[in-house]
Amino acid sequence: QVQLVESGGGLVQAGGSLRLSCAASGGTFSNYAMGWFRQAPGKELEFVARISRSGGSTYYADSVKGRFTTSRDNSKNTVALQMNSLKPEDTAVYYCAACGGTFTTLPSEYNYWGQGTQVTVSS
C-alpha cells in the first residue's frame with residue numbers, strides 16, 4: 001500500500017509560479033510511474049503530466065506543455081510538478097497518483113492517489 005501526500009498548493013496571480021510536491025511512503029517508489037491530474041469545479045478529472053519509473057521519460061497534456069515540468073527523486077520518494085506561467089484556467093485541485101502498470105494517462109490505471117492540493121490562479 002502506497003500513501004501519497006501532496007503539498008505546495010496555494011493562491012497565485014496569473015503569470016506566477018508554484019511548485020507542487022508529492023511524498024510517497026509505504027511501498028517501493030521506483031516501482032511506480034507517477035502522474036499528475038487535476039479537477040476543476042464542475043469538471044471531470046484531467047490528466048496533466050506523467051513521469052516514468054526512472055524519471056527518464058515524461059509526457060504532458062497539451063494544455064500545460066511548455067509551462068509545467070514534472071520530476072522525481074527516487075532516493076527521496078518524491079515527485080514534483082513545477083508550474084510556470086500560470087493561468088486562471090489552471091485553477092483546480094491537483095492530485096498525484098502512482099501507477100504500477102502501463103505508462104498511461106488514464107486515471108483508472110493509477111492504483112494510489114493523494115488527497116489533493118488546491119491551486120487557485122487569480123486574474
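From a predicted model like this one, the values you see are computed outputs, not experimental measurements.

A.B. asks: What exactly am I supposed to notice about the packing of aromatic side chains here?
C.D. replies: Geometrically, a pair of aromatic rings is defined through the distance of the ring centres and the angle of the planes. Overall, the coordinates contain 7 aromatic pairs when judged by the stated rule. Judged by centre distance (6.4 Å) and plane angle (75°), the ring pair of Y95 and W113 falls under edge-to-face. With Y95 in strand β9 (residues 92-99) and W113 in strand β10 (residues 112-113), this residue pair connects regions lying 18 residues apart in the sequence. For W113, a relative accessible area of 31% puts it in the partly exposed group. Pairwise contacts between aromatic rings join F37, F47, Y59, Y95, Y110 and W113 into one cluster. We note R72 situated over the ring of F29; from NZ or CZ to the ring centre the distance is 4.3 Å.

A.B. asks: How should the pairing of strand β5 (residues 46-51) be read in this particular structure?
C.D. replies: Remember that side chains alternate between the two faces of the sheet whenever the strand is regular. Counted residue by residue, β5 has 5 buried out of 6 residues, so it is predominantly covered. What sits between strand β4 (residues 33-39) and β5 in their antiparallel hairpin is a turn of 6 residues, with G42 showing a positive phi close to 75°. Where β5 lies against strand β6 (residues 58-60), 3 bridges are found, and the strand directions are antiparallel. Counterpart to R50 in the pairing with β6 is Y59.

How each quantity is defined
- Residues numbered from 1 in each chain as written.
- Predicted model: local features only at pLDDT ≥ 70, side-chain atom pairs only at ≥ 80, totals over all residues.
- Heavy atoms only, no water.
- Phe/Tyr/Trp six-rings, centres within 6.5 Å; stacked < 30°, edge-to-face > 60°.
- Helix = DSSP H or I, 4+ residues; strand = E, 2+ residues; numbered from the N terminus.
- Buried < 20%, exposed > 50% of the residue type's maximum accessible area, 1.4 Å probe, protein only.
- Lys NZ or Arg CZ within 6 Å of the ring centre and 35° of its normal.
- Pairing = 2+ DSSP bridges.

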